[in-house]
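# Coordinate inspection notes
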Amino acid sequence: MTSRISNFIGSFRRYERITGMSEIARRYFVMNAFDGALTMFGLVTGSYLAGVRAPMLIFSVGISTVLAIGISGLWGAFLTETAERNRALKSLEKKMLRKLTGSYQSEASNAAIYVTAAVDALSPMLAGFVILLPFLLAEKGMFDISEAYTLALGLSFAIFFGLGAFLGKTSKDSWWLYGLKMLMAGLLAAVLTFALSYSGIVASTA
């Protein structure tokens, strides 16, 4: 078992040296986790302003939405990466004057496709599920609906800031400044949602 894990790690590192897939996966992770979190933040804010008091309704709608985002990301990233990797592989074949089917370069290219597609799909689903979790727990009686809303909004802001801080660390710049920039996007979404509510475009049942 240990040898298999070591072989897997060794292969992954060699694939990474050939394809640079970790950099692409990192970008996919941040962009799509942010999309998933911001979408769920909008759902939670809109549900609160509309006076929705059924936690399972919010959770069900949210899960359906993040699943759709995840599947969209999976298909989009898989097809895009397949096209790009195949183009690069064919270009390399022309330079080397031979087919690379079954070669280590081909294996590395396929690995990069699957890894980036998986990251693209799972990152928004994970971020969205974390924000929706308080409503599932509220349905189980662990929180009341007001506490679930508060916790979900707090988790949203924590994810926004965390993703920004991650980017700051990656770029070796100020992590807290990047965190605040990401947080500003969530605050802007909240302001726009409240503005729509008070304008009467988003109706409230409260």
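The structure reproduced in this document is the subject of the present report. (Residues numbered from 1 in each chain as written. Predicted model: local features only at pLDDT ≥ 70, side-chain atom pairs only at ≥ 80, totals over all residues. Heavy atoms only, no water.)

## Overview of the overall build of the protein
- Along the backbone of the protein there are 6 helices and 0 strands.
- Going residue by residue from the N terminus, the α and β elements of the protein occur as α-α-α-α-α-α.
- By the compact-globule yardstick of 17 Å for 206 residues, the protein is too spread out, its C-alpha radius of gyration being 21 Å.
- Overall, the protein is about 70 × 35 × 30 Å in size when its C-alpha atoms are taken along their principal axes.
- In the protein, which comprises 206 residues, the share counted as buried stands at 34%. (Helix = DSSP H or I, 4+ residues; strand = E, 2+ residues; numbered from the N terminus. Rg over C-alpha atoms; globule rule 2.2 N^0.38 Å. Buried < 20%, exposed > 50% of the residue type's maximum accessible area, 1.4 Å probe, protein only.)

## Some points on the layout of surface pockets
- Taken as a whole, the largest pocket spans an internal volume of roughly 150 Å³.
- Lining the largest pocket, in full, are Ile18, Thr19, Arg85, Ala88, Leu89, Leu92, Gln105 and Ser109.
- Those elements that place two or more of their residues in the lining of the largest pocket are α1 (2-19), α3 (55-96) and α4 (104-139).
- Here the element with the most residues in the lining of the largest pocket is α3; it accounts for 4 residues.
- Each residue belonging to the lining of the largest pocket can be placed in one class, and the counts come to 4 nonpolar, 3 polar and 1 charged. (1 Å grid on protein atoms, 1.4 Å probe; cavity = no way out; pocket = protein on both sides within 12 Å on 5 of 7 lines; lining within 4 Å. Points joined across faces, edges and corners; volume = space filled by probe spheres on them. Nonpolar A, V, L, I, M, F, W, Y, C, P; charged D, E, K, R; others polar.)

## Concerning unusual backbone geometry
- In this structure, Lys172 takes a positive phi of about 60° despite not being glycine.
- Following the sequence through the fold, Lys172 ends up in the loop between α5 (145-171) and α6 (175-199).
- By relative accessible area, Lys172 is classed as exposed at 73%.

Coordinates in, geometry out; function isn't part of it.
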